[in-house]
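Remarks on the overall topology
Below are the chains, spelled out letter by letter.
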2 protein chains.
Amino acid sequence: MDVDTRLLRYFQAVAEEGNLTKAAARLYISQPALTKQIRRLEYQLGAGLFERSKAGMALTGPGAALAESIGPVLDAWGRAERAVRAAEAASSKVLRVGFLASAANEKTQAITAAFRERRPDWRVELRQASWGAPIAALASGEVAAAFMRLPFPDQDAFHLLELLTEPRCVAMAANHPLARRDALVFADLLDEPFIAAPAATGAFRDHWIGAESRGGHPVKVGAVTEHPDDWLTAIANGDGIALAPASAARYYARPDIVYRDLDGIAPSTVALAWPKATQPTPALADFITTASEMADRRLPHARRSAVCGSEVI
Amino acid sequence: MDVDTRLLRYFQAVAEEGNLTKAAARLYISQPALTKQIRRLEYQLGAGLFERSKAGMALTGPGAALAESIGPVLDAWGRAERAVRAAEAASSKVLRVGFLASAANEKTQAITAAFRERRPDWRVELRQASWGAPIAALASGEVAAAFMRLPFPDQDAFHLLELLTEPRCVAMAANHPLARRDALVFADLLDEPFIAAPAATGAFRDHWIGAESRGGHPVKVGAVTEHPDDWLTAIANGDGIALAPASAARYYARPDIVYRDLDGIAPSTVALAWPKATQPTPALADFITTASEMADRRLPHARRSAVCGSEVI
DNA sequence: CACATCCATAACCGGAGGTTATCGAAACAG
DNA sequence: CTGTTTCGATAACCTCCGGTTATGGATGTG
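So, how was this worked out
Residues numbered from 1 in each chain as written. Chains lettered and ligands numbered in written order. Predicted model: local features only at pLDDT ≥ 70, side-chain atom pairs only at ≥ 80, totals over all residues. Heavy atoms only, no water. Near = heavy atom within 4 Å. Polar contact = N/O pair within 3.5 Å; in protein donor to acceptor, adjacent residues only side chain to side chain. Helix = DSSP H or I, 4+ residues; strand = E, 2+ residues; numbered from the N terminus. Nonpolar A, V, L, I, M, F, W, Y, C, P; charged D, E, K, R; others polar. Domains from an automatic or database assignment. Buried < 20%, exposed > 50% of the residue type's maximum accessible area, 1.4 Å probe, protein only. Contact = heavy atoms within 4.5 Å. Core = buried A, V, L, I, M, F, W, Y, C linked by side-chain atoms within 4.5 Å. Expected span 1.5 Å × (residues − 1). Arc of directions from axis to C-beta. Salt bridge = Lys/Arg side-chain N within 4 Å of Asp/Glu carboxyl O.

Around DNA strand C sit 23 residues in total, of which Tyr10(A), Ser30(A), Lys36(A), Gln37(A) and Arg40(A) are the nearest. Here Thr21(B) contributes a side-chain N or O atom positioned 3.0 Å from a phosphate oxygen of DNA strand C. Here a base nitrogen of DNA strand C and a side-chain polar atom of Gln31(B) are 3.0 Å apart. If you list the elements that add at least two residues to the surface near DNA strand C, you get helix 1 (5-17) and helix 3 (31-45) of chain A together with helix 2 (20-27), helix 3 (31-45), strand 1 (50-53) and strand 2 (56-59) of chain B. In terms of residues, the surface near DNA strand C owes the most to one element, helix 3 of chain A, which gives 5 residues. Classifying every residue of the surface near DNA strand C gives 7 nonpolar, 8 polar and 8 charged.

Here it is as structure tokens:
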């Protein structure tokens, strides 16, 4: 019998959530669609996979058997996909590098330039992505490596090379009351609504709402955004404020948004990430070496107070 | 990215055949459909998988990478499918046993009866299949075991328990000229057209056109059939003659078909087959034990001349 | 030069996979 | 006891995917 890996992912989601509705939400499809797919899978396999009840969906014997053996299938396909993409990149001499919207900056420039010098016959392709996407692109081998802000979900599955660390500041609408002050401490922001990343991004989202510095103080979420564009718009719109790396003040300067120095919050680190699952290709290895030569050895604390204020723009 | 295992099988077929048209034929789909699918796969993976030429399709670098890593994916899914089917069978206490059309007979009866006695709470489900299908059903775990005639394709992937061996005779239309003779030798049939199994059944097909006793003499194929019904119809219709196990004279007796003893051809063996890939379940193990207790120890050569003639019916 | 072979393209059709809207049954809060 | 919420199932609908047949264009081959 044939299956689509999509169907397997669907099943896995339902098995893990124990609940059709939640699983459907996680998969970004409607609940009826998922109902139909799961029933079809059951029909095709000739086995009841779930015990339906008001409480949700519980695995049956055959269901548990499938849940156990599904991992290897998806893993095998993941490896196959990465192998193809790596072979393709090698034969066309392209190194594809993803970057999380806000993680690219002067370092990226410098690294790619140095790599070009080392491998003149190769091309570097930079691919921007939304907050959540780079991990997917990394996992599927669509990009060989990615510039990421730490932490990010499923981080343990990747090798990390830390490149730079910079303080975080706060971004807000130009007409925000707090904008009148030159420097703030994080405690000032505890009750402000924040512009957040989607819940699916887990630790990444938490980091950028300052969860680790709130001491349990709940966060008000003013809006959820996927891309830098929406993010900037939401801030300018006054939907809420947001933490941002200091360099954002330069890279995302807008008249209706101001950036203010912030104390009482940990800095942000940019790292180059690449999958542990497969051996790096020679070209990627070169890129990593190049990157490690350009990495900061120590945090640039000295520049701290100068980078973030609006006067820098 | 998601794929259907069907697409992977398609790719595999093309890679092995090196030729779209042949691969399409082997997959029982039209050539344009296959063209479309392969192109789609290439598009989705963002890589050229084949080098097209007049001579056919040759694998590129990425194509070779995919070809290598596809096996594990299909294997993993095969294991998953078998695991589910086995769990389902266990929880509903059903032992599903396939049988190649002509391989069922008194032995089958006796074995299932004895098994029922050993496991009264279990049910045995017998599933008849066309010449080629039982292997597929076995491989996918749709049936836990199958009664087969040896040889059959991919036989090495299965454990075999030989149950009985019986001479082969010849079946032909009642009005066939050779039907007037009581006993024949295979050499008499060399120029007769034969009713054959599909080419895909490989060694099985060869065995039943007597390839091993022809000494290179080419075979005329009068018709190709999938099921016993078509087979009988084709014989009665005079499209050709066919080799048949002696017991066919009893199990497939019809007024318009006669069976004649045949010399100069090897006998046929019925065996119980089950996959090597997975550990037999306890119930299957019991079934195998039961079967081995009922297996013939020696060929029943003594009965040879009595079983085949039409007078037995 | 005619022909066979092999892949690509075009036009068409049914069904699979998704959507929104709605329902019925249980669990739960007041 | 009742109103509300939270499950999954069902219905009606639309789009596009995966197949079909028919045909074309390029390249070897007798």
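After that view of the structure, there is still more to cover.
Bringing the domain arrangement of chain A into the picture now. We note that the domain assignment places domain 1 (5-77), domain 2 (85-164 + 269-301) and domain 3 (166-268) within chain A. Here domain 1 of chain A and domain 3 of chain A have C-alpha centroids that lie 38 Å from each other.

Residue and element names in this part refer to chain B. Turning to its location among the elements, Glu166 is positioned in strand 6 (residues 158-166). Using a relative accessible area of 8% as the deciding quantity, one classes Glu166 as buried. Within polar-contact distance, the side chain of Glu166 engages the side chain of Ser247 at 3.1 Å. Each residue touching Glu166, except ones within four places of it in the same chain, is listed here: Arg149, Pro245, Ala246, Ser247, Pro267 and Ser268.

Formed by 47 residues in total, the largest nonpolar core has its most connected members in Met172(A), Phe186(A), Leu189(A), Trp231(A), Tyr259(A) and Leu262(A). Lining this core are residues from two domains, each supplying at least three of them: domain 2 (85-164 + 269-301) and domain 3 (166-268) of chain A. In this view, Trp231(A) contacts Trp131(A), Ile195(A), Thr225(A), Ala242(A), Leu243(A) and Ala244(A); residues no more than four positions away in its chain are not counted. Membership of the second largest hydrophobic core comes to 37 residues, among which are Cys169(B), Ala171(B), Ala242(B) and Leu243(B).

For the rest of this paragraph, the subject is helix 3 of chain A. The terminal C-alpha atoms of helix 3 of chain A, which comprises 15 residues, lie 21 Å apart, in line with the 21 Å expected from a rise of 1.5 Å per residue. For helix 3 of chain A, the set of buried residues is Leu34(A), Gln37(A), Ile38(A), Leu41(A), Glu42(A) and Leu45(A). All buried residues of helix 3 of chain A project into a common sector of 135 degrees when viewed along the axis, lining one side. Set apart from the buried face of helix 3 of chain A by more than 90 degrees, the exposed residues are Pro32(A), Lys36(A), Arg39(A) and Tyr43(A). Against the buried residues of helix 3 of chain A lie helix 1, helix 2 (20-27), strand 1 (50-53), strand 2 (56-59) and helix 4 (61-92) of chain A together with helix 4 (61-92) of chain B. Positive phi appears at Gly46(A), one or two residues downstream of helix 3 of chain A, with a value of about 65 degrees.

Take the protein's contact with DNA strand D next. Neighbouring residues of DNA strand D: 22 residues in total, closest Leu20(A), Thr21(A), Ser30(B), Lys36(B) and Lys54(B). Expressed as a percentage, the sugar and phosphate content of the atoms of DNA strand D within 4 Å of the protein is 65%. Here Arg52(A) contributes a side-chain N or O atom positioned 2.9 Å from a phosphate oxygen of DNA strand D. Lys36(B) places a polar side-chain atom, nitrogen or oxygen, 2.3 Å from a base oxygen of DNA strand D.

We now examine the pattern of salt bridges. Working definition: two side chains of opposite charge can pair if their charged atoms are close together. Residues and elements named next belong to chain A. Evaluation of the coordinates by the stated rule reveals 36 salt bridges over all chains. Where Arg127 meets Glu125, a salt bridge forms, and the shortest distance between an N and an O atom there is 3.3 Å. Accessibility expressed as a relative area gives 23% for Glu125, which makes it partly exposed. Counted as one network, the salt bridges with shared partners bring together Glu88, Arg96, Arg123, Glu125, Arg127 and Glu142.

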